[in-house]
Each structure stands twice: as C-alpha cells, then as structure tokens.
Amino acid sequence: MKYWTSTLAAIVLTAFAGVGFHAPTANALNAAGCRLVHNGWNLPARAIFVYLNWYNYPVASNNLAVMLMRGLGGWRNHRKANRLLQSAFAENINAAAFNLVGQINPLQKLPDTYFREMVEALETIIERGDIPARVLLAERLYFVKTRSVVPNRERRIIQLLERAAETGDADYVDKLARTLYDQFRTLPFNGKVKSSNAQLGRRAIGWAKQLVDSDDPRGAVLLSDLRLNSRHVAELSSSYLSSREGLEWLAIAANQASSMPLKVSCYFSNKFALKLVREHRINSDDPALKKSIAAFPALAAKLEECQSASPGRARLPRPFGSPALYVRKLEHNDGNVRFNPANSAAYLGALHARGLGVARDLEKARKYLTRSTGTSRSRFAAEELKAWFPG
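The notes below deal with the structure included here. The structure displayed is predicted, hence computed values, not measured ones.

Section: the side chain of N270
Structurally, N270 can be placed in helix α15 (residues 262-282). N270 gets classed as buried once you look at its relative accessible area, which sits at 8%. Not counting the four nearest positions on each side in its chain, N270 is found in contact with L303, F339, N340, N343, S344 and Y347.

This is the structure we're talking about:
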C-alpha cells in the first residue's frame, strides 16, 4: 500500500511538473482530493495530498494528516500526522486547529493547562468564523476542568450552537435542540419552573419544529421526548407541543423516515413500535394508540421489510459540506444509527399478538417472537411469549 501511494504521488508530481506550482492549481487539486475522499477513492486522494504537501501547501498538509490518522488510502502514522497538523495550524488553517483538539480524548488524564490551551485554540478559529469549531468547543465545555476557563458554561454552549444552527445545517439544528432540551429537563423541579428556565424548553420546541417542517424525523422524536419524558412540560404553554401526543410524534418521525434508506427508516420504525407496545401494555384503551397508528399506518409493513434486512449501521443522508477534511466525522456526518432486524421481528410479533395496526394473528406473533429469542431483544420477546403463550 505504501508503494502504491508513493507511486501515485510520483505520477501526480510528473503530470504537474510542467505546469508549475501555484495557488489556483493547488486549490483545484486539493478540492479534487477532497471529492475523491468523499466518494471513497482514498488511494489517489492520498497521493494528491502527498504531492501538495511536498510543496508545503498547508491545507493539503492538514488533509494528509487526517488520512494518516484514519488510515485512509494506506498506513496510519499518528506521529507524522501530528507534525503535519502543527505546521498547518501555524499557517492559520482552521481545520488543523480543530483536528489538533479533536484527536485528543478529553477523558484521558491531561494537565489542567491543556484545557485552557484547547479553549484558546478553538476560540481563535471561532473568531475567524469557523462553524465546526463552535460545535467542538460546545462538546468540550461539558468536561469539568473547563469550568475554571469558561464561566457560565451552559450559556456559552448554547451561544456556540445557536450560531452553528443558524447556518441551516439540520444536524446542527438537532444538536442545539437536543442541548436545550437536556438543559431544560435536568432543571430542579419543585412544582414550578422559573420563566427563564421554561424559555429553554420553548426554544427547544422552536428548533425541533424547524426540523419537523423540513421532514427531518429527529425533530418529531425530540418533541415526543419532551411530551413523554419531561416533568416540566405543563410549564411550556406551547400549542405546537400540546397539539399532538408524544406517541403520535414518534409515528410522525417514522413516517418522515420511511423514504430514507432502509436501515435508517427501520431504526425510526423500531423506535415507534417499541414505544407503541410499551404504551399498550400500560393502557390498551388509550385513544392515543389509535391516533399514533393512524399517523403511520404502514408500520407493520415496514417492520416486515425490516425484519428480513441485514443488520448494521446506517448513515443519515447528509452531505459532508466541509471544504476541508477533519480528523473525526463531525456531528452532521456522523449520524450513524444502529439497526438490528431481530428487533423488528420482535416488535412485529408483539403487534400481531395485540392487533395493533395489523390483524391479530397469534401464529404470526409466535413465529416472529420466537425468531427474536437469543438476540438483543431476547428479554422483550420472552416477556411477550409468556404473556400470550403461557406454559
């Protein structure tokens, strides 16, 4: 692999030797390399970055460092990658600063001075308008040792994410809405919520609504969480939130995801089916059950399709959207969801046993539930089998 990378780099060097190295050529080559990476052509992309790095083109130095860290197109070399990032950062390459911070695991034992340097490095490129740095800093501020560096951390986190969400990137919007929700639901509760605190919940609803209106299922999932899991929901006085029950929001999410790649749509369908069955266990006469099934009547058909699919991870269909490469995938490129067809089979069996959204059929229920034993849903399947097939 090392031989082929060097050979391709030599070919690239020969091809452009007569052209001469200048900025337009370098920019075009770097952009081509990034496109190749995004399309999975790592070996030629790495050769391009090696070539550009020979001419000390700092953006390519950053990109080559990322490939060395990830092992894309060849071997890994973290030591060399770190040197390349240091040199690119010295040339004011924003992505390099992001990568220097992003590559270090804050959970490991680090000196206190690291956290101050980390915040300062990210604040520097935030001042230059770098959006990914805002998201990374917001994540890093959750670590305890940043408390002495950044006062009012919670407020600063929201400020950072709001500017990122204002770009319209759905994943940044989702991250902001989730952060607002998390801060809201962890507030101390003594029967009354301060108006300033309730504002966190209202803002979470506003951003989640933006996702719902753009047919992004994550917005409906968040609204469902607010409706079902928050002790403070009565304080919000939001007609948008109270217009639907929490279970119905999950049905809407599954419906919105139905046109996405199979594993993604199955992930959201499984989420809805599990909650539907659990709510039916509590109160089988709840009118919210019928409303939610009406919001996504194709649930059983979707689970039938999902239970025969192959397991694995699925990525939410989002563009990378970055002019440079980053050492780790950003939030909007790391929307991976785990999908297990055994879960779909278990939920489908439970639906057939109860007649939820499908004709009641105990034989099918037994078949699907039995298929799920010995999997991650063994306990769920065992509970259902015991309930409907005692002895």
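So, helix α14 (residues 246-257)
When the terminal C-alpha atoms of α14 are compared, their 17 Å separation across 12 residues agrees well with the 16 Å that a helix rising 1.5 Å per residue should span. Along α14, the residues that are buried comprise G246, L247, E248, W249, L250, A251, I252, A253, A254, Q256 and A257.

Notes on the environment of V135
Mapped onto the secondary structure, V135 falls in helix α8 (residues 131-140). Take V135: its relative accessible area is 4%, and that puts it in the buried class. Through-space distance from the C-alpha of V135 to that of L161 is 6.1 Å; in sequence the pair is 26 residues apart. For V135, the residues in contact, after removing those within four places along its chain, are L161, A164, Y172 and K175.

Some points on the packing of aromatic side chains
Ring pairs (aromatic) are described by centroid distance and by the angle formed between their planes. Summed over all chains, the structure comprises 3 aromatic pairs. On the numbers, 5.1 Å between centres and 85 degrees between planes, the contact of Y267 with F268 is edge-to-face. Relative accessible area serves as the criterion here: at 4%, F268 is assigned to the buried category. Taking the ring centre of W75 as reference, the NZ or CZ of R46 above it sits at 4.3 Å. A cation sits over an aromatic face here: K367 above Y368, 4.7 Å from the ring centre.

Observations regarding the pattern of salt bridges
Overall, the coordinates contain 15 salt bridges when judged by the stated rule. In this structure, E162 and R203 form a salt bridge, with 2.5 Å as the shortest nitrogen-oxygen distance. Separated by 41 residues along the polypeptide, E162 in helix α9 (residues 153-165) and R203 in helix α11 (residues 195-213) bring together distant segments of the chain. The partly exposed category is assigned to E162, whose relative accessible area is 21%. For R379, the salt bridge is made with E383, and the minimal N-O distance between the two is 3.6 Å. One end of the pair, R379, and the other, E383, are both in helix α20 (residues 378-388), 4 residues apart, so they sit about a helical turn from each other. Judged by relative accessible area, R379 falls into the exposed class, the value being 67%. With relative accessibility at 34%, the residue E383 sits in the partly exposed group. Connected through salt bridges with shared partners, the residues R281, R354, R379, E383 and E384 form a single ionic network.

A look at the state of the cysteines
Cysteine pairs can be covalently joined through their sulfur atoms, and such a bond is termed a disulfide. Under the defined criterion, the tally for this structure stands at 1 disulfide. Between C266 and C306 runs a disulfide, and the two sulfur atoms are separated by 2.0 Å. Since a negative S-S torsion denotes a left-handed disulfide, the C266-C306 link at about -95 degrees is left-handed. With C266 in helix α15 and C306 in helix α17 (residues 299-306), this residue pair connects regions lying 40 residues apart in the sequence. A relative accessible area of 0% places C306 in the buried class.

Some remarks on helix α4 (residues 58-70)
Look at α4: 19 Å from first C-alpha to last across 13 residues, which is about the 18 Å you get at 1.5 Å a residue. Among the 13 residues that make up α4, 10 are buried, leaving the element largely enclosed by the rest of the structure. Backbone geometry just downstream of α4 places G71 in the positive-phi region, at approximately 75 degrees.

The rules we used
Residues numbered from 1 in each chain as written. Predicted model: local features only at pLDDT ≥ 70, side-chain atom pairs only at ≥ 80, totals over all residues. Heavy atoms only, no water. Helix = DSSP H or I, 4+ residues; strand = E, 2+ residues; numbered from the N terminus. Buried < 20%, exposed > 50% of the residue type's maximum accessible area, 1.4 Å probe, protein only. Contact = heavy atoms within 4.5 Å. Expected span 1.5 Å × (residues − 1). Phe/Tyr/Trp six-rings, centres within 6.5 Å; stacked < 30°, edge-to-face > 60°. Lys NZ or Arg CZ within 6 Å of the ring centre and 35° of its normal. Salt bridge = Lys/Arg side-chain N within 4 Å of Asp/Glu carboxyl O. Disulfide = S-S within 2.5 Å.

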